[in-house]
Each structure stands twice: as structure tokens, then as C-alpha cells.
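Secondary and tertiary structure notes
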Amino acid sequence: MIKMKINNPSLEKIAVKKSQYPQANLPEIALAGRSNVGKSSFINTLINRKKLARTSSQPGKTRTINFYNIDDKFRLVDLPGYGYAKVSKAERDKWAGYINDYLDQRENLLDVFLIIDFRHGPSELDLVMYDYILESGFSGIVIASKFDKVKKSQQEKNLKMIYEKLQLKDKSLLIPFSAESKHNKDLVLNKIEEILKA
């Protein structure tokens, strides 16, 4: 399969409500996950940019919906990270509202990838989000980030734990990923290509 080439990505829009979204004129793939799970690093690795998506050692940095335009072909949409304990419940509820509004109302949304931490597996909130993704009719692709942080001897055990927790019957839905080593970057790009062509 020919690998997708990305030449000119840009941060097109930062939004919190529907009136601020860009036009629904391009297909979109959204990224959901806990705060500090590595969504920004995932985006930067895919698009070959070091700092287009801002990474931070402080969880809870992405409080907006960030729309990344990929060569005017599609958008990657970074949703606010959930489950960050150091903000007030009211603030967390507000973020949840942004996420739900986008997922429920965006007509050009093709798929939602759930990003989890390979070291720890899915949290309770991840499981809730995953159910929501599946119930909404999306494919259920899970990106397990920080794969390189787990010793080789432990990787098989972690994979098994994640399959079981998510009750994954189709193991190809889980993609271990490393922003550091770029492990499975091409596989993710191929998945995106498949989704866009479907």
C-alpha cells in the first residue's frame, strides 16, 4: 500500500462551540483520550512536525477542540483531554459538554480514535468513552501510546490486558504506537487512508 504523504498541515481552528468550528467541508477524524495520554505527540508524529500540536508536561492543557487541516484532504480533531483531577468539576463538565456536542452534531465526522496509555491500559473513563464510540457506530480503533516505555518482556502481557479490558474481538483494532520511535506510524496512516476511501 502506498504510504500517505503529508506535506502541509496547519492548525486551522481552535473552538469550544459549534459556531466556531470550521466549515464541514472536509472529512474529520477525532482523537479522544485522557489528559496527558500523548494526543499532541501522536499528531506531531503523524504529520512530521515537532511542535504544531502543543505538547505539555502539564495534563489538562488542551481545553479546546483543535482542528488540524491536513493538506486540505481531511482534518485531525484533537478533543479536550478528560479525567484531569486538578480542575473543578464544573470545568470538567464543561469540557465533557464540548466533546459531546462535537461528537453528536458533527456531520462530517468519519471516525473517532481512542488514545490510551499502553503502560497502564484503559481507565474507567476510557471504557466509558469507548462504549460511547462503539454505540455511535464508529470503528473502534484504539491507539495505545507510549509503547516504547514498556519492556519487551512485558509487552505481550499488556496487550492481553488491554484486549480483555476493552473486550476486543478484532485485535487489529488495537495499534500499539510510539511517538518516540515512530512505531506503527505507517500503519496508522494506512488506517486513515482506508477510512477516507471507505
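The structure displayed is predicted, hence computed values, not measured ones. (Residues numbered from 1 in each chain as written. Predicted model: local features only at pLDDT ≥ 70, side-chain atom pairs only at ≥ 80, totals over all residues. Heavy atoms only, no water.)

This part takes up the side chain of Asn158. Along the chain, Asn158 falls in helix α4 (residues 152-166). Ignoring any residue separated from it by four or fewer positions in sequence, one finds Asn158 in contact with Phe118, Arg119 and Val150. (Helix = DSSP H or I, 4+ residues; strand = E, 2+ residues; numbered from the N terminus. Contact = heavy atoms within 4.5 Å.)

Glancing now at the nonpolar core. If you look at the biggest cluster of nonpolar residues, it comprises 57 residues, and the most contacted ones within it are Tyr102 and Phe113. Among the elements that make up this core, the one with the highest residue count is strand β5 (residues 109-117) (6 residues). Sequence-distant contacts of Tyr102, that is, excluding residues within four places in its chain, are made with Tyr21, Glu28, Ala30, Ile65, Phe67, Val77, Leu79 and Leu109. (Core = buried A, V, L, I, M, F, W, Y, C linked by side-chain atoms within 4.5 Å. Buried < 20%, exposed > 50% of the residue type's maximum accessible area, 1.4 Å probe, protein only.)

Turning our eyes to something else, we now look at the pairing of strand β4 (residues 74-78). With respect to burial, β4 is a largely interior element, 5 of its 5 residues being buried. Residues Phe74, Leu76 and Asp78 point to one face of β4 and Arg75 and Val77 to the other, with burial holding for every one of them. Bridge count for strand β2 (residues 28-33) against β4 is 4 bridges, and the pairing is parallel. Each bridged residue has a counterpart across the sheet, and for Leu31 the counterpart in β4 is Asp78. (Pairing = 2+ DSSP bridges.)

A few words now on unusual backbone geometry. Only a minority of non-glycine residues have a phi that is not negative, and only a minority of peptide bonds are not trans. Even without being a glycine, Asn36 presents a positive backbone phi close to 70°. A relative accessible area of 39% means that Asn36 is categorised as partly exposed. Backbone geometry at Asp72 places phi at a positive 55°, although glycine is not the residue there. Counting through the fold element by element, Asp72 comes out in the loop between β3 (65-70) and β4.

Strand order in the open sheet formed by 7 strands is β1-β3-β4-β2-β5-β6-β7, and the pairing between neighbours is mixed. Edge strands, defined here as strands with exactly one partner in the open sheet, are β1 (9-15) and β7 (174-176). Direction aside, neighbouring strands of the sheet carry axes that sit 25° apart on average. Of the strands in this sheet, β2, β4, β5, β6 (142-145) and β7 are in contact with helix α5 (residues 185-197), which crosses β5 at around 155°. (Axes fitted to C-alpha atoms, helices over the stretch in contact; angles between N-to-C directions.)

On to the pattern of salt bridges. Under the counting rule described, the total for this entry stands at 8 salt bridges. Among the ionic pairs, Asp78 bridges to Lys39, the shortest N-O distance being 3.2 Å. You can see Asp78 sitting in strand β4 and its partner Lys39 sitting in helix α1 (residues 39-46), a full 39 residues away along the chain. Across the pair Lys149 and Asp148 runs a salt bridge, and its minimum N-O distance is 3.3 Å. On the basis of relative accessibility, which here comes to 47%, the residue Lys149 falls in the partly exposed class. Connected through salt bridges with shared partners, the residues Glu12, Glu28, Arg75 and Arg106 form a single ionic network. (Salt bridge = Lys/Arg side-chain N within 4 Å of Asp/Glu carboxyl O.)

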